[in-house]
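# A structural walkthrough
The lines below spell out each chain.
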Amino acid sequence: MIVPISQRDDRWKDIKLGTSDKTIGTHGCTVVSLTMLANHYGNNLTPIDVNEKLKAVSGFSNGNLVIWSKIGEAIPGLKFEWRGYTYDNEKVATALPCLVEVDGTRIGGTKHWVLYLGNQQMADPWFGNIKATTYYPPTGYAIIRYDVSVPIPPDSSSELERIR
């Protein structure tokens, strides 16, 4: 089950994203979507944790853009497979839950990342809730799978457990 998380949550919205001056609250949709995906597979992470784990492996380019190939190094068990720059429903449907890039003009941006769940639903990190996939037009996707051969580390818990 996916537990929706909002990038604008007071606990992390003002945290600097990567090595940039942008924040999780304004530009952290990818990090928050990754957090939801990682937690779906048994981790217990906050967006702060994922941000720090990516920084520790030099997982950002241009300060705040996630380097897809660094995800598995930052979060053991997750494995980046493919980044599609145009939306392909068939490929996304076989990779659910799947990170999908959408048109972000509806929320005042240019692009936005969400987590498609299936049954025409998505977890939207802007609002921190489940919405219909029709809310934003999809523009691309990133397939990140769980590698069952990699056990979740026993120290995968985080401050999320303490703040729930």
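Residues numbered from 1 in each chain as written. Predicted model: local features only at pLDDT ≥ 70, side-chain atom pairs only at ≥ 80, totals over all residues. Heavy atoms only, no water.

### What to know about the overall build of the protein chain
In plain terms, the rule: Each helix is a run of H or I in the DSSP string that is no shorter than four residues. Each strand is a run of E no shorter than two, and both are numbered from the N terminus. Accessible area is worked out with a 1.4 Å probe on protein chains only. A residue is then buried under 20% of its type maximum, exposed over 50%, and partly exposed in between. Contacts are assigned to residue pairs with any non-hydrogen atoms lying within 4.5 Å of each other.
When its secondary structure is counted, the protein chain shows 6 helices and 8 strands. Going from N to C terminus, the protein chain has its helices and strands arranged as α-α-α-β-β-α-β-α-β-β-β-β-β-α. When the 164 residues of the protein chain are sorted by exposure, 48% land in the buried category. A separation threshold of at least 6 residues defines the contact pool for the protein chain, and within that pool the share at least 24 residues apart is 58%.

### Structural notes on the layout of surface pockets
Where we set the bar: Using a grid of 1 Å spacing that covers the protein atoms alone, one calls a set of points a cavity when a 1.4 Å probe fits there but cannot get out, and a pocket when the set is open and has protein on both sides within 12 Å along at least five of seven lines; lining residues are those with an atom within 4 Å of a point. Grid points are joined across faces, edges and corners, and a volume is the space filled by probe spheres set on the points. Asp, Glu, Lys and Arg are counted as charged, while Ala, Val, Leu, Ile, Met, Phe, Trp, Tyr, Cys and Pro are counted as nonpolar; the rest, among them Gly, fall into the polar class.
Counted as a void, the largest pocket has a volume near 460 Å³. Lining the largest pocket are 22 residues; nearest its centre among them are His27, Cys29, Thr30, Lys111 and Trp113. Secondary structure elements with two or more residues in the lining of the largest pocket: helix 1 (24-27), helix 2 (29-40), strand 2 (65-66) and strand 5 (111-118). Looking at side-chain class alone, the lining of the largest pocket contains 10 nonpolar, 10 polar and 2 charged residues.

### Focus on the packing of helix 2 against helix 3 (residues 47-56)
This is how the line gets drawn: Angles here are taken between N-to-C directions and fall from 0 to 180 degrees, while the axes themselves are lines fitted to C-alpha atoms, restricted in helices to the stretch in contact. Should an angle fall under 35 degrees it is called roughly parallel, over 145 degrees roughly antiparallel, and 65 to 115 degrees roughly perpendicular, with every other angle called oblique.
At a minimum axis distance of 9 Å, the contact between helix 2 and helix 3 shows a crossing angle of 105°. Relative to helix 3, the element helix 2 lies roughly perpendicular. Contacts between helix 2 and helix 3 involve Val31, Val32, Leu34 and Thr35 from the former and Pro47, Val50, Asn51 and Leu54 from the latter.

### Focus on the side chain of Asn64
Assignment of secondary structure puts Asn64 in the loop between strand 1 (60-61) and strand 2. Accessibility expressed as a relative area gives 16% for Asn64, which makes it buried. Sequence-distant contacts of Asn64, defined by excluding residues within four places in its chain, comprise Leu17, Ser20, Lys22 and His27.

### Looking at the pattern of salt bridges
For clarity, the threshold we go by: What counts as a salt bridge is simple: a side-chain nitrogen of Lys or Arg found within 4 Å of a carboxyl oxygen of Asp or Glu.
Taken as a whole and assessed by the stated rule, the structure comprises 7 salt bridges. A salt bridge links Glu73 to Lys70; the nearest nitrogen and oxygen atoms lie 3.5 Å apart. Given a relative accessible area of 49%, Glu73 falls into the partly exposed group. Note on Lys70: relative accessible area 22%, which makes it partly exposed. Three or more residues joined by partner-sharing salt bridges are found here, namely Arg83, Glu101 and Lys111.

### Quick look at the packing of aromatic side chains
Aromatic ring pairs: the centre-centre distance and the angle between the two ring planes describe each pair. Rules: Think of it this way: a Phe, Tyr or Trp ring, Trp meaning its six-membered ring, pairs with another when their centres are within 6.5 Å, and the plane angle makes it stacked under 30 degrees, edge-to-face over 60, tilted otherwise. By the criterion adopted, a ring carries a charge over it if an Arg CZ or a Lys NZ lies within 6 Å of its centre and within 35 degrees of its normal.
Taken as a whole and assessed by the stated rule, the structure comprises 6 aromatic pairs. Where Tyr41 meets Tyr146, the ring centres are 4.9 Å apart and the plane angle is 10°; that geometry is what we call stacked. With Tyr41 in the loop between helix 2 and helix 3 and Tyr146 in strand 8 (residues 138-146), this residue pair connects regions lying 105 residues apart in the sequence. Judged by relative accessible area, Tyr41 falls into the partly exposed class, the value being 22%. A residue is classified by how much of its surface remains accessible, and Tyr146, at 25% relative accessible area, is partly exposed. Three or more aromatic residues joined by ring pairs make a cluster, and in this case those are Trp68, Phe80 and Trp113. Residue placement shows Arg8 over the ring face of Phe127; its charged tip is 5.7 Å from the ring centre. Here the basic side chain of Arg106 rests over the ring of Tyr135, its NZ or CZ set 3.6 Å away from the ring centre.

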